[in-house]
Each structure stands twice: as structure tokens, then as C-alpha cells.
Amino acid sequence: MHVLHDAPLAPLTTFRLGGPALRLVTAETDAEVIDAVREADDSGTPLLVVGGGSNLVIGDKGFQGTALRIATRGVELRGTTLELAAGEVWSDAVARSVEAGLAGIECLAGIPGSAGATPIQNVGAYGQEVSATISEVVAYDRRAGETVTLSNEECDFSYRHSRFKADPERYVVLRVRFELGDAGGMSAPIKYAETARALGVEPGDRVPLDRARETVLRLRAGKGMVLDADDHDTWSAGSFFTNPILTEEQFAAFQERVRERLGEGVEPPAYPAGEGRRKTSAAWLIDKAGYTKGYGTGPARISTKHTLALTNRGEATTEDLLALAREVVAGVREAFGITLVNEPVMVGVGL
């Protein structure tokens, strides 16, 4: 276990923003993770768990407590079961599954961050979510003071949500087990229309696993969603806002606002989201409210490649970022009556 005091946190995040932690502990084994958590809990010290830092917005004043960086490693493949230590790099794990000829997470290629973060947010992209393949999550239960194994059902997964996100102070993820599919080297059925178009196939078709992964990586790179230190469009948390899910009544009111603003015949994106609900596109809302690619003149701006990513152009502060986020939220609410919700976890700050 490595311990630093007054340690900068910005280098541990993909935004490269945020002040220092009073104490930074780096844990390389599950036992070290548990010891660090217990020490913080026993002393009443605030605890911030950091994985890959791709979903964190840390305030400029930093964190007045212990930041626990989970750097555990371990990949075990047993048949179609893939077990990952929480600190494993997610994009590497996806590549490993493709090399093994196993389907189910190939369209989640290129997503930055650690394996342990994936169940918390129910990470998803291009028609796949980890909730479809996670079989179990091993976590330290801070309330019970013991290690527990939660089934997929017990994780309470929903769109960008889970039991872990609903009760963030309770669980620290240690390991994640996935049950993948063996389709003879072929992908899971392609669900996302954009992916299908890029692959030149119809939704529902399968393609070779490596082709699916490479296509998704290319699509993500075109949107600035694959980390590149030299590209400020990737100094972000990826999608900053979740796609709104509306009741039928709310969606009807939204359609009326769209007609008033954009004219008759304009239909907003709509996708099924469970009985009596529809999901629409946050990126579409942001763009149609006037916040187009590259919007902004300060050190925090909308990505030049994707309206859903807010970026640090190199000299931003967290307050610069939040000012832009608040402007976008207010503008979309005024234009369409919908309040966008941030996807990254806020530490010491809020919208």
C-alpha cells in the first residue's frame, strides 16, 4: 500500500481537473483495499474511491479526506466466465475477451476507466450494457463490514444506474464476473443502428468479434471518446449528461416544445425505455438548443467532435467546467422543458 499526503488528484482523472486530497492511498490487492476502507470508516474519515478517473468531477478545493486509488490487477478466464479485478483497465479487458473469441462486451471497446466502475454506472454504449453480461459482483460491504457477492438481480441494474450508485457509501467493488457468449468468434447481435451502418449490416446481424471492436473504436475516436493526451477533445468524462427518459405525457409536452421551436414536421429522437416511457437524445437536445460542437470561448468548451462531451482545453478549472455545464442545462431546460442530469460523479461540487 502506498500513501501520499496532500496529493494532487487531477492527474488521476480524464478531465485533469480538481484539487488535492489530504491523503492518497494506492491499494494493489483486495486485502489492501479493505484495510484502507476499514481504516477510513473506523476513524470517521471521508473516503473517495478512485478507479480510472474517467467519471469524476472533483472540485478545485480537492477532497478533505482519504482518496483510495484501486490499482488491483487480475484477469481469470474459465470457459465463458471472465473475472476481472476492479483495478483492471476496462479497454484491455474488452480486447482480451475478443482475443478469446467471447461475445458480449465487444461494443464497449475504448471506454476509459477501470473494470470495477462498470457495474456502478451500468456502463453502456453502441447497443450493449454491462448489465447484460455481469453475473456477479464481489464487493466490500462497509455497512456489514464483510465481503459479499451480489448476483446480477441483486445489483438492481437500470439505465446508467445500479444498487451501487443508489447507495454510494455502502459498497466498494473488488471483482466483477461476466458470463460471455461463445458464438464461434462472432459478435453478439448488433443492436445499435449507427454501428450496423458502419459495419454495413442490418441490426440483429453478427460480425466477427475483432471487426465489431475495431469499428466501435473508430466510431468512438471520431467523437473524441478514445483517450489521447494530445487531443483536448478527449480531456473529458465522455458523455457528460445521460439521455432523458420521459413518460408518455412528458414526451408529448416535449414534442410540442420541439414544434414550437423548430417547426412542424421535426420529430425528436425517441427510443423505447420500458412500459409507458421513452428515451430521447441528450446530444440532440444540446445541439438543437444552440450548443453546437466547439461551443464556448473559455478554457472549458463543448468538444469539437461531439456535443455530449464537455472538455478541458488545457487551462480550465473545475469551476470553468461547471459554469459551462450549468449554461447548457439552463439552455436546454428553457428550450425544451427538460432538465439534463450529469453522468459523472461530482465530488465537492454540484450543478
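Structure's up top.
Residues numbered from 1 in each chain as written. Predicted model: local features only at pLDDT ≥ 70, side-chain atom pairs only at ≥ 80, totals over all residues. Heavy atoms only, no water.

Chemist: Would you mind showing me how to read the packing of helix α7 (residues 248-262) against helix α9 (residues 318-336) here?
Modeler: Packed helices, taken two at a time, are described by the angle their axes make and the gap between the axes. Taken N-terminus to C-terminus, the directions of α7 and α9 make an angle of 90°; their axes are 8 Å apart at the nearest point. By the angle between their axes, α7 is roughly perpendicular relative to α9. Seen from α7, the contacting residues are Phe254, Arg257, Val258, Arg261 and Leu262; seen from α9, they are Arg333, Glu334, Ala335 and Phe336. When grouped by side-chain class, the residues that make up the contact of α7 with α9 number 5 nonpolar, no polar and 4 charged. (Axes fitted to C-alpha atoms, helices over the stretch in contact; angles between N-to-C directions. Helix = DSSP H or I, 4+ residues; strand = E, 2+ residues; numbered from the N terminus. Parallel < 35°, antiparallel > 145°, perpendicular 65-115°, else oblique. Contact = heavy atoms within 4.5 Å. Nonpolar A, V, L, I, M, F, W, Y, C, P; charged D, E, K, R; others polar.)

Chemist: How should the nonpolar core be read in this particular structure?
Modeler: Generally speaking, soluble globular proteins have nonpolar side chains that are buried together. Core analysis: the biggest nonpolar cluster contains 37 residues, and Trp90, Ile105 and Phe178 have the highest contact counts within it. Of all the secondary structure elements, the ones that give two or more residues to this core are β7 (81-85), α2 (90-99), β10 (134-141), β11 (146-151), β12 (171-179), α5 (193-199) and α6 (209-222). Of all the elements, β12 adds the most residues to this core, at 4 residues. For isoleucine 105, the contacting residues outside a window of four places in its chain are Leu82, Trp90, Val94, Ser97, Gln128, Thr133, Phe178 and Leu180. Counting 34 residues, the second largest nonpolar core, distinct from the first, contains Phe15, Leu17, Leu310 and Met346. (Core = buried A, V, L, I, M, F, W, Y, C linked by side-chain atoms within 4.5 Å. Buried < 20%, exposed > 50% of the residue type's maximum accessible area, 1.4 Å probe, protein only.)

Chemist: Which parts of the structure should I look at to understand the layout of surface pockets?
Modeler: Where empty space is left can be seen by rolling a probe of water-molecule size over the atoms. Empty space within the second largest pocket amounts to approximately 420 Å³. Residue lining of the second largest pocket: 23 residues in total, with Thr14, Gly52, Val89, Gly113 and Leu227 positioned closest to the centre. If you list the elements that add at least two residues to the lining of the second largest pocket, you get β5 (63-70) and α2. Residues that form the lining of the second largest pocket fall into these classes: 10 nonpolar, 9 polar and 4 charged. (1 Å grid on protein atoms, 1.4 Å probe; cavity = no way out; pocket = protein on both sides within 12 Å on 5 of 7 lines; lining within 4 Å. Points joined across faces, edges and corners; volume = space filled by probe spheres on them.)

Chemist: It is not clear to me how helix α1 (residues 30-43) should be interpreted in this structure. Could you clarify?
Modeler: Owing to its 3.6 residues per turn, the α-helix aligns residues three or four sequence positions apart on the same side. Taking 1.5 Å of rise per residue, the 14 residues of α1 would be expected to cover 20 Å, and the 20 Å separating its terminal C-alpha atoms lies within 8% of that figure. Taken together, the buried positions of α1 are Asp30, Glu32, Val33, Ile34, Ala36, Val37 and Ala40. Buried residues belonging to α1 abut β2 (20-27), β3 (47-50), β5, β10, β11 and β12. Phi turns positive, to about 70°, at glycine 44, one or two residues after α1. (Expected span 1.5 Å × (residues − 1).)

Chemist: Whenever I open this one, the sheet that holds β10 confuses me. Can you help?
Modeler: Picture the strands of a sheet paired through backbone hydrogen bonds; they go either parallel or antiparallel. With antiparallel pairing, 5 strands are arranged side by side in an open sheet as β6-β7-β12-β10-β11. In the strand order of this sheet, the two ends are held by β6 (75-78) and β11, each with one partner. Averaged over all pairs of adjacent strands, the angle between strand axes in this sheet comes to 20°, irrespective of strand direction. The pairing of β10 with β12 spans 7 bridges and is antiparallel. Paired with tyrosine 140 across the strands is valine 172, a residue of β12. Contacts from α1 reach β10, β11 and β12 within the one sheet, and its direction differs from that of β12 by about 150°. (Pairing = 2+ DSSP bridges.)

Chemist: What exactly am I supposed to notice about the pairing of β5 here?
Modeler: Consecutive side chains of a regular strand alternate in pointing toward one face of the sheet and then the other. The buried fraction of β5 amounts to 6 of the 8 residues, a majority that puts the element mostly inside the structure. Across 6 bridges, the pairing between β2 and β5 is parallel. The partner of threonine 26 across the bridge, within β5, is arginine 69. Relative to β5, β3 runs parallel, the two being bridged by 4 bridges. Note on β5: the bridge partner recorded for valine 50 is arginine 69.

Chemist: How do you make sense of the packing of aromatic side chains when you look at a structure like this?
Modeler: To describe a pair of aromatic rings, you give the distance between the ring centres and the angle between the ring planes. Within this structure, the stated rule accounts for 10 aromatic pairs. Arranged with centres 6.3 Å apart and planes meeting at 70°, the rings of phenylalanine 15 and phenylalanine 240 form a pair that is edge-to-face. Placement of the pair is phenylalanine 15 in the loop between β1 (2-8) and β2 and phenylalanine 240 in the loop between α6 and β13 (245-247), with a sequence separation of 225 residues. Here phenylalanine 15 matches phenylalanine 240 in class, with each residue buried. When the centroid spacing of 5.8 Å and the interplanar angle of 40° are considered together, the rings of tryptophan 284 and phenylalanine 336 count as tilted. A residue pair is termed long-range when its members are at least 10 positions apart, and tryptophan 284 in helix α8 (residues 282-288) and phenylalanine 336 in helix α9 qualify at 52 residues. Under the relative-accessibility criterion, tryptophan 284 is labelled buried at 15%. (Phe/Tyr/Trp six-rings, centres within 6.5 Å; stacked < 30°, edge-to-face > 60°.)

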